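Summary of structural features
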Amino acid sequence: MPELPEVETVRNGLALKLQGRRLVRVDQHRPDLRFPLPLDFARRLTGRQILSLDRRAKYILIRVEGGLIWMIHLGMSGSMVVKPGPAGGPAPHDHLVFHTDDGWVVTYNDVRRFGFMDLFEEAGMDAHPMLAGLGPEPLGNGFHADGLSARLRGRAAPIKSMLLDQKVVAGLGNIYVCEALFRAGIDPTRSGDSVAGADAERLVPIIRDVLGEAIAAGGSTLRDFVQSDGELGYFQHSFQVYGREGEGCGRCDCDPAVTGGVKRIIQSGRSTFLCARHQH
């Protein structure tokens, strides 16, 4: 599933073509995605100007005139691809097509239909069930070592599970948590409580660095993710542990013939990749 860097990459690409533009036509080819689309979704968006595009956790939040928020979640295989119009007929799994007043066409394609969209009043945004209770943004000023330590203290759950908890920090996913814990030298099975304090001080800037590098690389292309221009991200070429079971880790002194290389374990039903030599 796209994580924060992939969603931010899509948001950036959409903003270049959509911000300030008006939607002159919305083609809706089915009534539902993961959930039913809002009542009169296409009609309510048609004719409205796009004011700004933001991101909260893994959600794209588009402010449109009239005090509305258009929420997009890409799910596992959703993509929002921008191309110059006019568009031809819909390809398979092109569920929604948005036409702007300057000729750009934005197509939402989703093979598995685990993504969803919503349209609601901006005044109720903080109470939206997908947004209420989210933790701080890891790239924002609200994410810092003191706050992270406060959330970790007294918690016996593994640090990896805690970083994936969207109430602890918003937007992190499996890939970037594995990479950040490796760079910080922290064993993902350690309790959250044991990481509070000095380790959290080291971990916070590393999380920011990993996310920043991934955004600069256009995200990571694993299976379905593409950027809004249809190109693939390439941060996967910088993985130091993720997906590298049995290989050497990203540090030059790690010889898999001696150490066994990167190990894969299962935590809460998900793969965790680590180097036992460098993570304690």
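You'll find the structure just up there.
This section reports on the structure supplied with the text. Since the model is a prediction, treat every value here as computed from it, not as a measurement.

All right, on to the overall build of the protein chain then. On a plain count of helices and strands, the protein chain comes out with eight helices and ten strands. Taking 2.2 N^0.38 as the reference for a compact globule, 280 residues should give roughly 19 Å; the C-alpha atoms of the protein chain span a radius of gyration of 20 Å, in line with that estimate. Out of the 280 residues in the protein chain, the part that is buried amounts to 54%. Element-wise, carbon and sulfur atoms account for 50% of the exposed surface of the protein chain, whose accessible area totals about 12,300 Å².

Take the packing of helix H5 (residues 174–184) against helix H7 (residues 198–216) next. It is at 9 Å that the axes of H5 and H7 come closest, and there the two elements cross at 130°. By the angle between their directions, the pair H5 and H7 is classed as oblique. At the point where H5 passes H7, the crossing takes the right-handed sense. The residues of H7 that touch H5, namely those facing Tyr 176, Glu 179, Ala 180, Leu 181, Arg 183 and Ala 184, are Arg 202, Leu 203, Ile 206, Ile 207, Asp 209, Val 210, Leu 211, Glu 213 and Ala 214. For the contact of H5 with H7, a count of residues per class yields ten nonpolar, no polar and five charged.

Further remarks concern the pattern of salt bridges. Counted under the stated rule, the structure contains 18 salt bridges. One salt bridge in this structure joins Arg 55 and Glu 8, with 2.8 Å as the shortest N-O distance. In this pair, Arg 55 is assigned in strand E2 (residues 50–56) and Glu 8 in helix H1 (residues 4–18), connecting sequence segments 47 residues apart. By the burial criterion, Arg 55 is buried, and Glu 8 matches it. Asp 101 serves as the salt-bridge partner of Arg 21, at 3.0 Å between the closest nitrogen and oxygen. Placement of Arg 21 in the loop between H1 and strand E1 (23–28) and of Asp 101 in the loop between strand E6 (94–100) and strand E7 (104–110) is noted, with a sequence separation of 80 residues between them. Three or more residues are tied together by salt bridges with common partners; here these are Glu 8, Arg 11, Arg 55, Arg 56 and Glu 137.

What counts as what
- Residues numbered from 1 in each chain as written.
- Predicted model: local features only at pLDDT ≥ 70, side-chain atom pairs only at ≥ 80, totals over all residues.
- Heavy atoms only, no water.
- Helix = DSSP H or I, 4+ residues; strand = E, 2+ residues; numbered from the N terminus.
- Rg over C-alpha atoms; globule rule 2.2 N^0.38 Å.
- Buried < 20%, exposed > 50% of the residue type's maximum accessible area, 1.4 Å probe, protein only.
- Areas by Shrake-Rupley, 256 points an atom, 1.4 Å probe, with all protein chains shown as cover.
- Axes fitted to C-alpha atoms, helices over the stretch in contact; angles between N-to-C directions.
- Parallel < 35°, antiparallel > 145°, perpendicular 65-115°, else oblique.
- Left-handed = near helix turned anticlockwise from the far one by under 90°.
- Contact = heavy atoms within 4.5 Å.
- Nonpolar A, V, L, I, M, F, W, Y, C, P; charged D, E, K, R; others polar.
- Salt bridge = Lys/Arg side-chain N within 4 Å of Asp/Glu carboxyl O.

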